[in-house]
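Chains, contacts and geometry: an overview
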Amino acid sequence: MAKGTGYLARQADEQGYIDYPSSEHQIWHKLITHQKKLLPGKACDEYIAGLKLLALPEDQIPQLPSIDAILQPATGWRVAQVAALISFDKFFSLLANKEFPVATFIRSQEELEYLQEPDIFHEIYGHCPLLTNEAFAHFTHQYGQLGAKASKEDRVYLARLYWFTVEFGLLRHKEDLRIYGGGILSSPGETELALQGDKVEHRAFDIVDLMRTPYRIDIMQPIYYVIDGIDQLFEIANMDIMGAVKNAKRLGLFEPTFPPREQQTG
């Protein structure tokens, strides 16, 4: 998480207000209006309920205190302004304290479809609606507490758990699948792709298998893990997660289903 970034986060004043330029408000407007049209029938019901509760503006990037005003009464969470990509230490520490990191920059026009690093649209629109949900909020908190105590090596396996749930998770909804992962919900391109079983692989959730699955942050995902419903996150939070890390380390990683980065064309 502590990699370089080409973006510069904007700083808040003493009241927590950030003065974004109109060009960045326009990018927010373009992203949110596009996703609002795209997500019905694709996003899970709990996410849609949280989105309605947040009542995010379409014409401007929301201010962080307005997000706190909804999250704190709902689940005790708040958002924390961060510069950009942060270290694992900082990331886990914030989650363990029920603070969700939000980088206060927005993607460029050229990266509307998919962004490798989390911007404010990804964090606010992708994740914050589900932080109003008790199961998602509890899982994220437990995850942060575990990660804060874990070794550097174990955190690599924990990162895969986060990636295939909070970021790129799917869940079952009657006979269909729905999205709950914020990495999908905030990406127009990924939203279109994730539910298309003829183009990607959907795997039933297995915590050890998931931790053994390699991923790349710079491509659309070829594999998605599916839980039975949002309340399964309560069960996952209460699993022996560090025991699963131990088993995954013993068994080793699966072969990647994507080419190495240096072989990627286009």
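Scope of this entry: the structure provided in the associated data block. Note that residues are indexed from 1 along each chain, following the sequence as it is written. Under the rules for a predicted model, residues below a pLDDT of 70 receive no local features and side-chain atom pairs below 80 are neither given nor counted, while totals for whole chains, interfaces and linings still include all residues. As a rule here, side-chain values cover all heavy atoms of the structure and leave hydrogens and water aside.

Moving on to the packing of helix α1 (residues 22-38) against helix α5 (residues 120-127). Here α1 crosses α5 at 30°, and the two axes come no closer than 11 Å. Classified by the angle between their axes, α1 and α5 sit roughly parallel to one another. The way α1 lies across α5 gives a crossing that is right-handed. Each of Trp 28, Leu 31, Ile 32, Gln 35 and Lys 36 in α1 lies in contact with α5, whose residues at this interface are Ile 120, Phe 121, Ile 124 and Tyr 125. Partitioning the contact of α1 with α5 into residue classes produces 7 nonpolar, 1 polar and 1 charged. Lines fitted to C-alpha atoms define the axes here, with helix axes fitted over just the stretch in contact, and angles between the N-to-C directions of these axes take values from 0 to 180 degrees. Counting from the N terminus, the helices are DSSP H or I runs at least four residues long and the strands are E runs at least two residues long. By the definition adopted for this analysis, an angle is roughly parallel if under 35 degrees, roughly antiparallel if over 145, roughly perpendicular if from 65 to 115, and oblique otherwise. Take the far helix as your reference; a near helix turned counterclockwise from it by less than a right angle gives a left-handed crossing, and one turned clockwise gives a right-handed crossing. A contact between two residues is defined here by any heavy atoms of the two lying within 4.5 Å. Under the grouping applied here, Gly and all other residues not named as nonpolar or charged are polar, the nonpolar ones being Ala, Val, Leu, Ile, Met, Phe, Trp, Tyr, Cys and Pro and the charged ones Asp, Glu, Lys and Arg.

Summarising the element assignment, Tyr 180 is placed in the loop between β4 (176-179) and α8 (182-185). Measuring from C-alpha to C-alpha, the distance between Tyr 180 and Ile 230 comes to 8.1 Å, with 50 residues separating the pair along the chain.

Another aspect to go through is the pattern of salt bridges. For this analysis, a salt bridge means a side-chain nitrogen from Lys or Arg found within 4 Å of a carboxyl oxygen belonging to Asp or Glu. Summed over the entire model, instances satisfying the criterion amount to 10 salt bridges. As a salt-bridge pair, Glu 99 and Arg 78 come within 2.8 Å of each other at their nearest N and O atoms. With Glu 99 in strand β2 (residues 99-103) and Arg 78 in strand β1 (residues 78-82), this pair connects stretches of sequence that are 21 residues apart. Burial classes follow relative accessibility: with a 1.4 Å probe on protein chains only, a residue under 20% of its type's maximum area counts as buried, one over 50% as exposed, and anything between as partly exposed. By relative accessible area, which is 15% here, Glu 99 ends up buried. Its relative accessible area of 31% is what places Arg 78 among the partly exposed residues. Put simply, Asp 154 and Lys 249 hold a salt bridge, and the shortest N to O gap is 2.8 Å. With Asp 154 in helix α7 (residues 152-167) and Lys 249 in helix α12 (residues 241-251), the pair connects residues that are 95 residues apart, well separated along the chain. Asp 154 sits in the buried class, given a relative accessible area of 15%. The partly exposed category is assigned to Lys 249, whose relative accessible area is 31%. One network of salt bridges, in which partners are shared, links Asp 68, Arg 78 and Glu 99.

We now examine the state of the cysteines. Here a disulfide denotes one covalent bond, and it connects the sulfur atoms of two cysteines. Cysteine sulfur pairs qualify as disulfides if the two atoms are within 2.5 Å. Per the counting criterion, the structure on display carries 0 disulfides. No disulfide involves Cys 44; its sulfur sits 14 Å from that of Cys 128, the nearest cysteine. Since its relative accessible area comes to 0%, Cys 128 is described here as buried.

Moving on: the pairing of strand β6 (residues 223-227). With 5 of its 5 residues buried, β6 lies for the most part within the structure. Neither face of β6 is exposed, since Ile 223, Tyr 225 and Ile 227 on one face and Tyr 224 and Val 226 on the opposite face are all buried. Direction of pairing for strand β3 (residues 170-173) relative to β6: parallel, over a ladder of 2 bridges. Each bridged residue has a counterpart across the sheet, and for Leu 170 the counterpart in β6 is Val 226. Pairing of strand β5 (residues 201-204) with β6, which is carried by 4 bridges, proceeds in the parallel orientation. Across the sheet, the residue bridging to His 202 is Tyr 224, located in β6. Note: two strands are recorded as paired if DSSP finds a minimum of 2 bridges between them.

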